[in-house]
Each structure stands twice: as structure tokens, then as C-alpha cells.
Amino acid sequence: MKEKFSLKGANIRDVRTLTGSALLIALAVIIDFFRLVISNLLEISFEFVAYAVAGILYGPIIGGMVGGISDVIQYVIRPSGPFFPGFTLNAILSGFIFGLFLYNRKITVKRVALAVLVEGLVVTLLLTPLWLSIMYGAKIFALPRIIKFVAMFPLRVALIYGAGKVLEKQRLTRKFKSV
């Protein structure tokens, strides 16, 4: 059974959408405080969970907005180096990709793994090295970044899958109680 492809998501003018998005932005900013900085070219952070939840709940457009706004706020609160809009684009694309793959769809390990794979290939392995090369002259191909991607892949899938299943359960519970 084919699913209908659509970029439509939740209505940004809806109070619940605005409130939920604001809470997810705040969550992403708070999670960012616990990032592990390995070097100026390599860090580990978990704000992707907030971007994925925004995508799951509200769709790709709002997921991207949550990513972009939270990235700018994170930089204002705790700058780490010069501001570079490429990293904001990374955050926007992360929320957008998660929304594209997971919004209004059954959360399965396969679907989450595919979303994490696409997001990781585009953001982590393609764009981030490009931005670091522009900023610092770093090598585009860096083995530590690939190792980090491979090592973090199962953890990212597990965290997003777990969050998605909790959200699915809550949606079903709400629908059941309203009947």
C-alpha cells in the first residue's frame, strides 16, 4: 500500500503546534548543554532527538523550523567558535528529513533507520565536512567522522524509535479516550 507523499504538516498557527514547537526548541537547547566536545572538528550531541520528535509530531516544515531556530538560540546562549549559517542549515535539514520520513507514518525500526541514514549521509558526512573545510581548511574526508557516524547510528535509531513509539502510544490513547 503506497503512502501519499506530502510536505503538509501541522498548522503553524495552531496554538498547540506553537507551544509544542517552542517546548522542543527549549529541549534542544537544554540537550545541547550536554554535548561532548572531542575536538573543534568533532563533537557528540543529542539534540537530534528533539528535531526528530518535531518532525514526527508536526511534519518536515515545522521540524526544520525547530532545528533552525534552536540552532540560532544555542549559538546565542553558548557560542562555540564563529557563527556559520551552514550549521544552521544542517539543523534545518535534520528536522526536515526526520519529518519527511516519519510524519504521519507508522514508526518502524526500518523507517527510523532509513531516516537516520539519509540524515547522517547528508548532514554528517556531506555538509558538515564541507562547512569545516570552508571554516578551518579541514579535510573533507575524515575517518573519525565516519567512525562516529557508524558508532552512533544504532544509538540514534534506538533513541528516535523509542521516542516515536512513546508518541504513537500517546496518540492512540488520546484517540481512544475521545471516542
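Refer to the structure printed above.
The model shown is predicted, which means the values in this text are computed figures rather than measured ones.

Caption draft 1: Inspection of the layout of surface pockets at higher detail. Estimated volume of the largest pocket: approximately 960 Å³. What lines the largest pocket is a set of 38 residues, and nearest its centre among them are R35, E43, E47, D71 and F87. Breaking the lining of the largest pocket down by element, the ones donating at least two residues are strand 1 (36-39), strand 2 (42-44), helix 2 (48-58), helix 3 (60-77), helix 4 (85-102), helix 5 (109-136) and helix 6 (143-178). Its residues assigned to classes, the lining of the largest pocket shows 18 nonpolar, 10 polar and 10 charged.

Caption draft 2: Spatial organisation of unusual backbone geometry. For N104, which is not glycine, the phi torsion reads 55 degrees and is therefore positive. The residue N104 is located in the loop between helix 4 and helix 5 in this model.

Caption draft 3: Region of the structure containing the packing of helix 2 against helix 3. Two elements in contact, helix 2 and helix 3, have axes separated by 8 Å at closest approach and are oriented at 150 degrees. On the basis of their axis angle, the class for helix 2 and helix 3 is roughly antiparallel. In the crossing of helix 2 with helix 3, the sense of the turn from one axis to the other is right-handed. Residues Y51, A54, G55 and Y58 of helix 2 lie in contact with helix 3, whose contacting residues are I62, G63, V66, G67, S70, D71 and Q74. Across the contact of helix 2 with helix 3, the residue classes break down as five nonpolar, five polar and one charged.

Thresholds, definitions, all that
- Residues numbered from 1 in each chain as written.
- Predicted model: local features only at pLDDT ≥ 70, side-chain atom pairs only at ≥ 80, totals over all residues.
- Heavy atoms only, no water.
- 1 Å grid on protein atoms, 1.4 Å probe; cavity = no way out; pocket = protein on both sides within 12 Å on 5 of 7 lines; lining within 4 Å.
- Points joined across faces, edges and corners; volume = space filled by probe spheres on them.
- Helix = DSSP H or I, 4+ residues; strand = E, 2+ residues; numbered from the N terminus.
- Nonpolar A, V, L, I, M, F, W, Y, C, P; charged D, E, K, R; others polar.
- Axes fitted to C-alpha atoms, helices over the stretch in contact; angles between N-to-C directions.
- Parallel < 35°, antiparallel > 145°, perpendicular 65-115°, else oblique.
- Left-handed = near helix turned anticlockwise from the far one by under 90°.
- Contact = heavy atoms within 4.5 Å.

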